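The chain contents come next:
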Amino acid sequence: MTSLPTSIKFNVGGCHFEVSRDLIEQQPESMLGRLVSASWHPDPEKTIFIDRNGDIFAQAMEYLRYGSVVLPASMR
């Protein structure tokens, strides 16, 4: 059996992210957790495209990492 890559690549609105698989898999029932699962994303090497704002996605990743986030003034 082939092991999964340790990171997941996202293209969110043209912004590219490489995120630890462990970070996303901490919330397996979340939309991101499901999106990276084998049933939704059969090719773990392929970049996942999400048609949303990359700056906001970056803040969502900060929330997953730290449990809270302080939004920049430009996002309030």
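In this report, the structure presented in the accompanying data block is examined. (Residues numbered from 1 in each chain as written. Predicted model: local features only at pLDDT ≥ 70, side-chain atom pairs only at ≥ 80, totals over all residues. Heavy atoms only, no water.)

**Topic: the nonpolar core**
Now for step 1: Residues Phe10, Ile24, Leu32, Ile50 and Phe57 are the most contacted members of the largest nonpolar core, which totals 14 residues.
Now for step 2: Contributions of two or more residues to this core are made by β1 (7–12), β2 (15–20), α1 (21–25), α2 (31–35), β3 (48–50) and α3 (54–66).
Now for step 3: At three residues, the largest contribution of residues to this core is made by β1.
Now for step 4: Setting aside residues up to four positions removed in sequence, isoleucine 50 forms contacts with Phe10, Asn11, Val12, Gly13, Leu32, Leu35 and Phe57. (Core = buried A, V, L, I, M, F, W, Y, C linked by side-chain atoms within 4.5 Å. Buried < 20%, exposed > 50% of the residue type's maximum accessible area, 1.4 Å probe, protein only. Helix = DSSP H or I, 4+ residues; strand = E, 2+ residues; numbered from the N terminus. Contact = heavy atoms within 4.5 Å.)

**Observations regarding the packing of aromatic side chains**
Now for step 1: Applying the stated criterion to the full structure yields two aromatic pairs.
Now for step 2: Measuring from ring centre to ring centre gives 5.2 Å for phenylalanine 10 and phenylalanine 57, while their planes differ by 55 degrees; the resulting arrangement is tilted. Here phenylalanine 10 is found in strand β1, whereas its partner phenylalanine 57 is found in helix α3, with 47 residues between them in sequence. One exposure class covers both phenylalanine 10 and phenylalanine 57, and it is buried.
Now for step 3: Through a chain of ring-to-ring contacts, the aromatic side chains of Phe10, Phe17 and Phe57 assemble into a single cluster. (Phe/Tyr/Trp six-rings, centres within 6.5 Å; stacked < 30°, edge-to-face > 60°.)

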